[in-house]
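# Per-entry structural report
Chain by chain, the residues:
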Amino acid sequence: MSDEKFKKIVSHAKEYGFIFQSSEIYDGLSAVYDYGQNGVLLKNNIKEYWWKSMVQLNDNIVGIDSAIFSHPTTWKASGHVDAFNDPLIDNKDSKKRYRADNLIEDYLQKLELKILKEQKNQEKRFGESFDKKTFLETNPRVINYKSKIDVIHNRFSKALNNDDLSELKKIIDDCEIVCPISGTRNWTDVKQFNLMFRTQLGATKTSSIDLFLRPETAQGIFLNYLNVQKTGRMKIPFGIAQIGKAFRNEIVARQFIFRMREFEQMEMQFFIKPGSQKQWYEYWKKERLNWHLSLGIDKSLFRFHNHEKLAHYADAACDIEFNFPFGFKELEGIHSRTDFDLSNHEKYSSKQIKYFDSVDNSKYTPYVLETSIGLDRMFLAIFTSSLTYDKLEDSSKRVVLKIPSILAPYKCAFLPLLKKDGLPEITKKIQKKLKLNFSTAYDEKDAIGRRYRRQDAIGTPYCITVDHQTVTDNTVTIRERDSMNQERIHIDKLEEFLRSSLNINNWLLNSA
Ligand code: ATP
């Protein structure tokens, strides 16, 4: 997808009240965004869809809402004080700052794109007789690109795993990577940069203590492991889920809501018996992909990606990547966190954090399987894959946000055909019966066609139009967003119609 298309997505999000730049009247705050009147509804619906699938459908998963602040030792124990760093590099000419690993990843992606371009050219030339496999194995240019990718990739993952900053710099030099702004290779050395935001608790200088804004919601779950396990009498395996804000002082925060400095995570930590982590890792990989697919989003937009460098806490980790307008990027992480977190909190707090397993009378520190998805990235994935420009029969264009109807800000819009003859009053009366159970909109301004377009643009799956026939036979027209099909339906049947097509369980159980 081109930059142009991405720009259109960003401006659609603003124009229709989904996402605004934070503090826009003061020229904005970098990588901080606010959700508008439609955005908050979509965001809440994504949260609800996740929460229901995790907490409501699983007897052994409960939810919590822990504070954003926690005791500062939390972050020493979790390893974030020492290891939550990104490798940073500056271009001396443009004075722009980059993540060294991102520069190399982008370089590798460009080589991949070159291979794809060669392939596309040949495909065009030879049509049906094109043999992709033989071409990719024998074409000298492709072979050359591939071997370059392999060599750089190996050096890159070794450097990441060994925290070898000078090798990262050397790769950037060897690949002749230039700054996208200045176009020069005038780079500083690579340095580590800690991503946590600091703040202070307390009013006086002497009594105040330094705190961190949490960079992930997970630690709030670990700190409450014992509380929840004991008060909920939870038996392993069990999970604790949480949705909440996280803060990271990202070095490069671009790409709209993909990488923000204040964002929201939906995380679930699943506590298991040591030794069973492989089995649960596979289980949650499958479950989470199914959750995404249950929304009806094209399967080809997702892929798994194994981590090059395992985080300090993990013994296995992968991402579910989504094909965003700027390529496949991480949407959700699935991490086998071992007993790293609980053991360290045990060590630093000197409190016993063990589980007594009555099945075999054993006592152990539970292992943890984590699923962690960025709510804002999920929003972006839904938004970018849904925004479509339909060409109509009369060759006019229609902008439609084909979001899964279960997530739509408004489930239906009520539209009186005319603003007279009592039609608005009848419409509002029908709407009143439904608005408690469904999020609904009402619009009486402009011609009906323009009103349909407005609802299409914010993804409303159904438009219900009240006309003169309604007065005589109590029927209304119901128009479906994607097909634009219209049918007449009795007003007594409306609730049942909406209930069956928007029943969250029907969607979620799709993934079972
Ligand atoms: P990335 O490699 O993109 O920086 P990460 O591996 O650091 O992400 P995790 O620590 O695994 O991310 O966080 C879990 C999820 O939180 C990610 O999959 C992503 O969806 C979301 N997330 C992380 N950082 C941000 C951010 N700065 N803005 C928005 N969402 C984020």
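Residues numbered from 1 in each chain as written. Predicted model: local features only at pLDDT ≥ 70, side-chain atom pairs only at ≥ 80, totals over all residues. Heavy atoms only, no water.

## Focus on the domain arrangement of the protein
Test applied: Where each domain starts and ends comes from a domain assignment, either automatic or drawn from a database. Contact definition: two residues touch when any of their heavy atoms are within 4.5 Å. When two components associate, each loses some accessible surface as probed by a 1.4 Å sphere; the sum of these losses over both components is called the buried area. Think of a salt bridge as a Lys or Arg side-chain nitrogen and an Asp or Glu carboxyl oxygen that are within 4 Å of each other. Polar contacts here mean pairs of N or O atoms no more than 3.5 Å apart (in protein, one a potential hydrogen donor and the other a potential acceptor; neighbouring residues in sequence count only if both atoms are side-chain atoms). Classification convention: Asp, Glu, Lys, Arg as charged; Ala, Val, Leu, Ile, Met, Phe, Trp, Tyr, Cys, Pro as nonpolar; all other residues, Gly among them, as polar.
Assigned domains within the protein: domain 1 (1–78 + 195–387), domain 2 (85–192) and domain 3 (410–508). Computed over C-alpha atoms, the centres of domain 1 and domain 2 are 29 Å apart. At the interface, 13 residues of domain 1 touch 13 residues of domain 2. Counting the surface lost from both domain 1 and domain 2, the interface buries some 1,000 Å², and carbon and sulfur atoms represent 48% of this. Of all residues in domain 1, I251, E308 and K309 give up the largest surface area on contact with domain 2, accounting jointly for 56% of the area buried on that side. The interface formed by domain 1 and domain 2 includes zero salt bridges. Applying the counting criterion to the domain 1 and domain 2 interface returns zero residue pairs in polar contact (both at pLDDT 80 or more). Looking at side-chain class alone, the side of domain 1 that touches domain 2 contains six nonpolar, one polar and six charged residues.

## Brief notes about the side chain of T338
This is how the line gets drawn: Strands are runs of DSSP state E lasting at least 2 residues, helices are runs of H or I lasting at least 4, and numbering of each runs from the N terminus.
Following the sequence through the fold, T338 ends up in strand β13 (residues 327–338). In this structure T338 touches Y313, D315, P366, Y367 and V368, once residues within four positions along its chain are discounted.

## Looking at the pattern of salt bridges
Any two side chains of opposite charge can pair if their charged atoms end up close together. Here is the rule we go by: To sort residues, take the accessible area from a 1.4 Å probe on protein chains only and compare it with the maximum for the residue type: under 20% means buried, over 50% means exposed, and anything in between is partly exposed.
Scanning all chains against the criterion turns up 35 salt bridges. D82 serves as the salt-bridge partner of K76, at 3.1 Å between the closest nitrogen and oxygen. D189 serves as the salt-bridge partner of K169, at 3.9 Å between the closest nitrogen and oxygen. Taken as a pair, K169 in helix α8 (residues 165–174) and D189 in the loop between α8 and β6 (191–194) lie far apart in primary sequence, 20 residues in all. Classification of K169 as buried rests on a relative accessible area of 16%.

## What to know about the packing of aromatic side chains
Counted only if it meets this: Stacked, tilted and edge-to-face are the three classes assigned to paired rings of Phe, Tyr and Trp, where Trp is represented by its six-membered ring and a pair needs centres within 6.5 Å; plane angles under 30 degrees give stacked, over 60 edge-to-face, the rest tilted.
Tallied over the entire structure, the rule returns 24 aromatic pairs. Judged by centre distance (5.5 Å) and plane angle (55 degrees), the rings of F130 and F135 are tilted. Its relative accessible area of 15% is what places F130 among the buried residues. The class for F135 is buried, based on a relative accessible area of 10%. A ring pair is formed by F324 and F326, whose centres lie 5.5 Å apart and whose planes are at 10 degrees; its orientation type is stacked. Across the pair, exposure class does not vary: F324 and F326 are buried alike. Taken together, F6, F258, F302, F322, F324 and F326 form an aromatic cluster joined through their ring pairs.

## Section: the nonpolar core
This is how the line gets drawn: Take the buried Ala, Val, Leu, Ile, Met, Phe, Trp, Tyr and Cys residues and link them wherever side-chain atoms come within 4.5 Å; each set so joined is a nonpolar core.
If you look at the biggest cluster of nonpolar residues, it comprises 62 residues, and the most contacted ones within it are F18, I19, I46, Y49, W50, I257 and F379. Counting residues per element, this core draws most heavily on helix α13 (residues 375–386), which supplies seven residues. Ignoring any residue separated from it by four or fewer positions in sequence, one finds F379 in contact with F18, I19, Y35, G39, L42, K43, I46 and I257. Judged by nonpolar contacts, the second largest core, of 28 residues, contains Y107, L111, V142 and W187.

## Some points on the sheet that holds strand β10 (residues 262–272)
Filter applied, for reference: In this analysis, strands are considered paired if DSSP registers two or more bridges between them. In this description, a line fitted to the C-alpha atoms serves as the axis of each element, helices being fitted only across the stretch in contact, and the angle between N-to-C directions of two axes falls anywhere from 0 to 180 degrees.
If you trace the seven strands from one edge of the open sheet to the other, you get β3-β9-β10-β16-β13-β12-β11, paired in mixed fashion. Two strands bound the open sheet, and with one partner strand each, they are β3 (61–63) and β11 (302–306). Each neighbouring strand pair of the sheet contributes to a mean axis angle of 25 degrees, computed without reference to strand direction. Against the sheet, helix α11 (residues 277–294) touches β3, β10, β11, β12 (316–324), β13 and β16 (367–374), its axis set at about 20 degrees to β16.

## With respect to the sheet that holds strand β5 (residues 97–99)
Pairing is antiparallel across the open sheet formed by three strands, whose spatial order is β5-β4-β6. Of all the strands in the sheet, just β5 and β6 have a single pairing partner and so form its edges. The average undirected angle you get between the axes of adjacent strands in this sheet is 50 degrees. Bridge analysis of strand β4 (residues 85–90) against β5 gives three bridges, and the strand direction is antiparallel. By the bridge assignment for β5, L88 is matched with R99. Together, β4 and β5 form the strand contacts of helix α5 (residues 100–126), whose direction differs from that of β5 by roughly 70 degrees. Sheet contacts for α8: β4 and β6; angle to β4, the most-contacted strand, approximately 45 degrees.

## A look at the packing of helix α2 (residues 39–56) against α11
What counts is decided by this rule: Oblique is the label for any angle not covered by the other classes, which are roughly parallel (under 35 degrees), roughly antiparallel (over 145) and roughly perpendicular (65 to 115). It is the rotation of the near helix from the far one that decides the hand of a crossing: anticlockwise by less than a right angle makes it left-handed, clockwise makes it right-handed.
As a packed pair, α2 and α11 sit with axes 12 Å apart at the nearest point and diverge in direction by 140 degrees. Comparing the axis directions of α2 and α11 gives the class oblique. Considering the relative orientation of α2 and α11, their crossing is right-handed. Between α2 and α11, the contacting residues are Y49, W50, S53 and M54 on the first element and W284, R288, W291 and S294 on the second. Its residues assigned to classes, the contact of α2 with α11 comprises five nonpolar, two polar and one charged.

## A short note on a nonpolar patch on the surface
Heads up, the condition is: Here a patch means residues that are over 30% exposed by relative accessible area and free of salt bridges, tied together within 9 Å if like-charged and within 5 Å if nonpolar (Val, Leu, Ile, Met, Phe, Trp, Tyr). Note on areas: Shrake-Rupley with a 1.4 Å probe; residue coverage comes only from the protein chains shown.
On the surface, I68, F69, L201 and I209 cluster together to form a nonpolar patch covering roughly 330 Å² of accessible area. Assignment of secondary structure puts F69 in the loop between β3 and α3 (73–77). What makes F69 partly exposed here is its relative accessible area of 45%.

## Details of the site of the ligand
Convention followed: Throughout this document, a residue counts as near a molecule or strand when at least one of its heavy atoms sits within 4 Å of that molecule or strand.
Taken together, 16 residues sit near the ligand, with E250, R259, M260, E330 and L331 positioned nearest. Within the side chain of R248, one N or O atom sits 2.9 Å away from an oxygen atom of the ligand. Within the complex, the protein chains bury 87% of what would otherwise be the 600 Å² of accessible surface of the ligand. When contributions to the shell around the ligand are tallied by element, the ones reaching two or more residues are β10, β13 and β16. Here the element with the most residues in the shell around the ligand is β13; it accounts for five residues. Residues of the shell around the ligand, tallied by class, amount to four nonpolar, five polar and seven charged.

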